[in-house]
Amino acid sequence: MTPTALIAEDEPLLSASLQAELAKCWPELRIVASVGDGAQALQQALQLKPALCFLDIRMPGLSGLEVAQALAEDWPDDGTPFPLLVFITAYDQYAVQAFAAQAVDYLLKPVEPDRLAQCCARLQRQLSSREAPQAMQQAVDQLRALLGSAAPAAGTPKLEVIQAGVGSTVHFVPLDEVVYFEAADKYVRVVTADKEHLIRMSLRELLPQLDSTRFWQIHRGTVVQARLVTSATRDESGKTHLTLRGRSEKLTASRLYAHLFKPM
Amino acid sequence: MQLSHSTFTPQHVLRHGLQIALFNTLLWGLSLLANGTEHWDVELVYNQAIGLSIWAVIEAGRIVLSPPGHAWPAWSRALPLVAAAIVIGWIVGSQIGDLYCGCSNWTFLSQQPRRLRSAIAFTIGASAVATYYFHSRGKAMADREKLAAAERDATLARLSLLQSQLEPHMLFNTLANLRVLIALDPPRAQAMLDRLIAFLRATLTASRSASHSLAAEFERLDDYLELMSVRMGPRLSTQLSLPDELRDLPVPPLLLQPLVENAVKHGLEPKVEGGNVEIAAERHGDSLELSVRDSGMGFGNGHGNGPSTQFGLRQVRERLQALYGDRAVFSIDALPEGGTLARITLPLDTPAP
């Protein structure tokens, strides 16, 4: 079967050049999509299911790492092998250290032909030897470690109360009462046992201000107060469904966070 | 006089005390030469007891009365302090001397008005000299410290300006594009390289020269935007507008650079469809308005939140404050139609900064 690849790079010249260089060192590789932003990368990858994804780290929309996280969370369970990921960056010291530590493939811009050839050889070996379930598990483990190492530095002041504005009134919601936070576009839904509020900030901005021992991220868009989880049930696809104190709906923890809900 | 650390450590006090004792001994030697050496030991005890007592009162007064971070209280307090110290020191010191010789200094002097007057004049004179000496030495030390701190701040500011402008991410991405262009379109690669060279040269020298013309400022901004538009392709469009009559006006070098960089990096780069940057100079009466307008994410939505944005804005604010004081105005606003508008208003009557 011909291997397929997706390229996500927002700078047109660099994208075209990577495509050209790949054609030289790996002629059989077929580029099925070349996109310039994170949201398209995610959508195209889920639709076309390429064997490889080359993801620039800094892209408009979603970053390369966010695309990888979303892919790992939303990848279907039908046995399609999870794509091998190659991150591309011009200069992100911490990311590069994390990639090296987790043996994740990465390329530095400007991309040197020798380095690209090595990377291709390695990818070819991995493609020929891997099996789908293993690939998924390996990707999940690597990404979990990467996301963990990118965790915000300690010392950010922690919130005790959420101030949610409605018209000219500001509602004060003690953190103790929040069952979960859910990302909704540019907003975050703040859900308590009997109420819901919207705050005008992204989950990415909110997360560092929450105490991570009390509030667990369970999905790229969901953070739950651990104290208020009553049970966790794992289904055959690896997703974990949570029931909550005071709320009737269930929340789903993604593959990346399922390990949080193991029995002691 | 403002000092960065306390001048009242035990070491300082001890050193001052020893200097005073040395000074007293010197005065004692001089008075022996003038008055004969008959009671040299008694003279020495009185001399040291009075001198050290005056010093001790002044030193204690300085510690109590000086505002935090200062070595001396204000003149209005320092003069009465010295006067009181002379009186108290003289009385206490005389008592100590009396104990040593078993006589009364006061009785002795009050019988000889001439010697009393000269003793009083001598004590006041010696105290004034010693006080003046310590005061001016402390002041010189504070001035030296202030100068060193100012030099340190200036160097740090220059370094961080350089670091913010030679941002490695920008540099390596530009080089990556350049590498591609060399094979693809050599003349365009050459043009891009020229822009990069001009940008780097301006960045490296901007921290050293005080001003350049507005025309030069716009050329450097154009270099940067040209580099960015090679990278971003059709996602970035730019307009620069500089009326001819304003071309020769002097401005601080690369004053607008952080604003343009913010507009591109935090306004347009994160936006999927990209957008537009408009830079303009306009004259309004006797002030010059420089504006950077982008159609990006908008101040507060990513734009304006990162530490590097904050740094850029602070840098602009600090430079304006240092060069023009309150006569320059800097504002940055989110536009209702989306995007950000940064404006700097400079007085035109000020000669080159």
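## Considerations on empty space enclosed by the protein
Phase 1 of the analysis: Scanning all chains against the criterion turns up three cavities of 30 Å³ or more.
Phase 2 of the analysis: What lines the largest cavity is a set of 13 residues, among which L14, S17, L18 and V111 of chain A together with V180 of chain B lie closest to the centre.
Phase 3 of the analysis: Listed by contribution, the elements that provide at least two residues to the lining of the largest cavity are α1 (12–25) of chain A together with α6 (168–184) of chain B.
Phase 4 of the analysis: Per-element accounting of the lining of the largest cavity gives the leading share, four residues, to α1 of chain A.
Phase 5 of the analysis: A breakdown of the residues in the lining of the largest cavity according to their chemical character gives eight nonpolar, one polar and four charged.
Phase 6 of the analysis: Here the second largest cavity defines a volume of roughly 60 Å³.
Phase 7 of the analysis: Considering the residues around the second largest cavity, the lining is formed by R58 of chain A together with E167, H169, M170, Y224, M228, R231, K265 and E269 of chain B.

## What to know about the confidence of the model for chain A
Phase 1 of the analysis: Mean pLDDT over chain A works out to 90, with 97% of the residues at or above the 70 mark.
Phase 2 of the analysis: Looking over chain A, one finds the lowest element-wise mean pLDDT in helix α4 (residues 93–101) of chain A, namely 81, and the highest in strand β1 (residues 4–8) of chain A, namely 97.

## Focus on the state of the cysteines
Phase 1 of the analysis: In the structure shown here, the tally under the stated rule is one disulfide over all chains.
Phase 2 of the analysis: Shown here is the disulfide that connects C101 of chain B with C103 of chain B, its sulfur atoms set 2.1 Å apart. Sign of the S-S torsion, about -80° for the bond between C101 of chain B and C103 of chain B, identifies this disulfide as left-handed.
Phase 3 of the analysis: In this structure C119 of chain A is a free cysteine whose sulfur lies 5.7 Å from that of C120 of chain A, the closest cysteine sulfur available.

## Focus: the interface of chain A and chain B
Phase 1 of the analysis: At the interface, 20 residues of chain A touch 23 residues of chain B.
Phase 2 of the analysis: Buried surface at the junction of chain A and chain B, summed over both partners, amounts to about 1800 Å²; 59% is from carbon and sulfur atoms.
Phase 3 of the analysis: When residues of chain A are sorted by the area they lose upon contact with chain B, E11, L13 and P110 of chain A head the list and together hold 31% of the total.
Phase 4 of the analysis: Counting across the chain A and chain B interface gives three salt bridges.
Phase 5 of the analysis: A salt bridge links E11 of chain A to R231 of chain B, with the shortest nitrogen-to-oxygen separation between them at 2.6 Å.
Phase 6 of the analysis: Along the contact surface separating chain A from chain B lie five residue pairs in polar contact (both at pLDDT 80 or more).

## Considerations on the nonpolar core
Most often, soluble globular proteins have nonpolar side chains that are buried together.
All names here are of chain B.
Phase 1 of the analysis: Membership of the largest hydrophobic core comes to 50 residues, with the highest contact counts inside it found for L214, L259, I279, L288, L320, I344 and L346.
Phase 2 of the analysis: Element by element, the count of residues in this core is highest for helix α8 (residues 214–232), at 10 residues.
Phase 3 of the analysis: In this view, I344 contacts L255, L256, L259, L288, E289, L290, V316, L320, V329 and F330; residues no more than four positions away in its chain are not counted.

## Brief notes about helix α9 (residues 257–268) of chain B
Residue and element names in this part refer to chain B.
Phase 1 of the analysis: In this model, α9 (12 residues) spans 15 Å end to end at C-alpha, consistent with the 16 Å of a helix rising 1.5 Å per residue.
Phase 2 of the analysis: Of all 12 residues in α9, 12 are buried, a share of seventy percent or more.
Phase 3 of the analysis: Within the sequence span of α9, burial applies to Q257, P258, L259, V260, E261, N262, A263, V264, K265, H266, G267 and L268.

## A look at the sheet that holds strand β13 (residues 229–234) of chain A
Residues and elements named next belong to chain A.
Phase 1 of the analysis: In spatial order, the strands read β13-β14-β15; together these three strands make up an open sheet with antiparallel pairing. Whereas interior strands pair on both sides, the edge strands pair on one side only; in this sheet they are β13 and β15 (247–253). Recorded for the sheet is a direction-independent mean angle of 25° between the axes of neighbouring strands.
Phase 2 of the analysis: Of the strand pairs in this sheet, β13 and strand β14 (residues 240–244) are connected by five bridges, and their pairing is antiparallel. The partner of A232 across the bridge, within β14, is L242.

Each value, and the rule that gives it
Residues numbered from 1 in each chain as written. Chains lettered and ligands numbered in written order. Predicted model: local features only at pLDDT ≥ 70, side-chain atom pairs only at ≥ 80, totals over all residues. Heavy atoms only, no water. 1 Å grid on protein atoms, 1.4 Å probe; cavity = no way out; pocket = protein on both sides within 12 Å on 5 of 7 lines; lining within 4 Å. Points joined across faces, edges and corners; volume = space filled by probe spheres on them. Helix = DSSP H or I, 4+ residues; strand = E, 2+ residues; numbered from the N terminus. Nonpolar A, V, L, I, M, F, W, Y, C, P; charged D, E, K, R; others polar. pLDDT = per-residue confidence, 0-100. Disulfide = S-S within 2.5 Å. Contact = heavy atoms within 4.5 Å. Buried area = accessible area lost by both parts, 1.4 Å probe. Salt bridge = Lys/Arg side-chain N within 4 Å of Asp/Glu carboxyl O. Polar contact = N/O pair within 3.5 Å; in protein donor to acceptor, adjacent residues only side chain to side chain. Core = buried A, V, L, I, M, F, W, Y, C linked by side-chain atoms within 4.5 Å. Buried < 20%, exposed > 50% of the residue type's maximum accessible area, 1.4 Å probe, protein only. Expected span 1.5 Å × (residues − 1). Pairing = 2+ DSSP bridges. Axes fitted to C-alpha atoms, helices over the stretch in contact; angles between N-to-C directions.

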